[in-house]
Amino acid sequence: MKKNLIVCLLLIITSELFAQNAQRPDARILYLNGKYKESIAVCEEELKEDPDRIDAYVVMCWSLVKNKQYAEAEQRSAEALAKRPYDLRLIEISGEAKYYLGKNAAALEQFEKYVSGAQESGQRLGAAYYFMGEIYINQARYQHADISISTALKKEPLLDNWWVRLGYAREMAQNYYESLEAYEEALRLNPSSVEASKGRDRVKPKIK
């Protein structure tokens, strides 16, 4: 009799949890649909139930960055990395949070960890290389920036603003012919790009 009662109680608890999860929206789908605040709220609820649910941390940090809550994203990614220090998703998003907070050296360290461990098909590989390139531009290491942003564009070649930044890095390195190629590719992708047009006009007279 007692055993049957325990089984019944377990079934009730399980069914309640199932119903609760069935009613809860998917945090990742909310994130992909641009509903970042809603995604964060769902992830918080999931972490209340299971503080070690790393996927919830990951999606929450993605959403925090997209929602421009960079300090909180840095804090929560640090919490998650304390639990799972080698999770590449957390390492990369930690780098993004630090980048937006202006912590370039710390951000670069995280991005380097990510690109060294990620597979060629890594979802955020292009973005990580792009952010590295921006950091190198800020450090006036233009050849490094060229390499990083060129690598990013091999992953995501249709982003005209990345081509603009590649053109700028090459321009600053006085590689004018290659800079013009990058600016022209940006204009091919987006003919209305003001920055690409200005860049092209700057470097054209410098090519002999």
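Structural notes, computed from the coordinates. Just so it is clear, the model here is predicted, and its values are computed rather than measured.

## Looking at the overall build of the chain
Per the secondary structure count, the chain includes 12 helices and zero strands. Going residue by residue from the N terminus, the α and β elements of the chain occur as α-α-α-α-α-α-α-α-α-α-α-α. The proportion of buried residues among the 208 residues of the chain is 40%. Long-range contacts, defined here as pairs at least 24 residues apart, represent 45% of the contacts in the chain between residues at least 6 apart. Surface summary for the chain: the accessible area is close to 12,100 Å², and the carbon and sulfur share equals 53%.

## Focus on the pattern of salt bridges
Between side chains of opposite charge, a pair can form as their charged atoms come close. By the definition in use, this model includes 17 salt bridges. When the shortest N-O distance is used, the salt bridge between lysine 103 and glutamate 74 registers 3.0 Å. Of the two residues, lysine 103 is situated in the loop between helix 6 (88-100) and helix 7 (104-117) and glutamate 74 in helix 5 (residues 70-83); the sequence distance between them amounts to 29 residues. Between glutamate 79 and arginine 76 there is a salt bridge whose closest N-O contact spans 2.9 Å.

## Side note on the environment of methionine 132
Tracing the chain through its elements places methionine 132 in helix 8 (residues 125-138). A relative accessible area of 5% places methionine 132 in the buried class. In the structure, methionine 132 is positioned 20 residues away from alanine 152 in sequence and 9.4 Å away in space, judged by C-alpha atoms. Dropping the residues within four chain positions of it, methionine 132 is found in contact with Leu108, Phe111, Glu112, Val115 and Ser148.

## With respect to the packing of aromatic side chains
For the coordinates displayed, the defined rule picks out nine aromatic pairs. Relative to tryptophan 62, the ring of tyrosine 31 lies with its centre 5.5 Å away and its plane at 35°, an arrangement referred to as tilted. Residue tyrosine 31 is located in helix 2 (residues 27-32), and its partner tryptophan 62 is located in helix 4 (residues 54-66); the two are separated by 31 residues in the primary sequence. No difference in accessibility class separates tyrosine 31 from tryptophan 62, as the two residues are buried. With 5.3 Å between their ring centres and 75° between their planes, tyrosine 99 and tyrosine 100 make a pair best called edge-to-face. Following the ring pairs from residue to residue traces out a cluster consisting of Tyr70, Tyr99, Tyr100, Phe111, Tyr130, Phe131 and Trp162.

## Points about unusual backbone geometry
In this structure, lysine 68 is a non-glycine residue whose phi angle is positive, near 65°. Mapped onto the fold, lysine 68 is located in the loop between helix 4 and helix 5. Taking the relative accessible area as the measure of exposure, lysine 68 reaches 63% and is therefore exposed. Even without being a glycine, alanine 140 presents a positive backbone phi close to 60°. Relative to the assigned elements, alanine 140 resides in the loop between helix 8 and helix 9 (142-155).

## Description of the environment of leucine 32
Inspection of the secondary structure assignment puts leucine 32 in helix 2. Look at leucine 32 and you get exposed, because its relative accessible area is 55%. For leucine 32 and tryptophan 62, which are 30 residues apart along the polypeptide, the C-alpha to C-alpha distance reads 9.9 Å.

Rules used in this analysis
Residues numbered from 1 in each chain as written. Predicted model: local features only at pLDDT ≥ 70, side-chain atom pairs only at ≥ 80, totals over all residues. Heavy atoms only, no water. Helix = DSSP H or I, 4+ residues; strand = E, 2+ residues; numbered from the N terminus. Buried < 20%, exposed > 50% of the residue type's maximum accessible area, 1.4 Å probe, protein only. Contact = heavy atoms within 4.5 Å. Areas by Shrake-Rupley, 256 points an atom, 1.4 Å probe, with all protein chains shown as cover. Salt bridge = Lys/Arg side-chain N within 4 Å of Asp/Glu carboxyl O. Phe/Tyr/Trp six-rings, centres within 6.5 Å; stacked < 30°, edge-to-face > 60°.

Read these as spatial facts, not as claims about activity.
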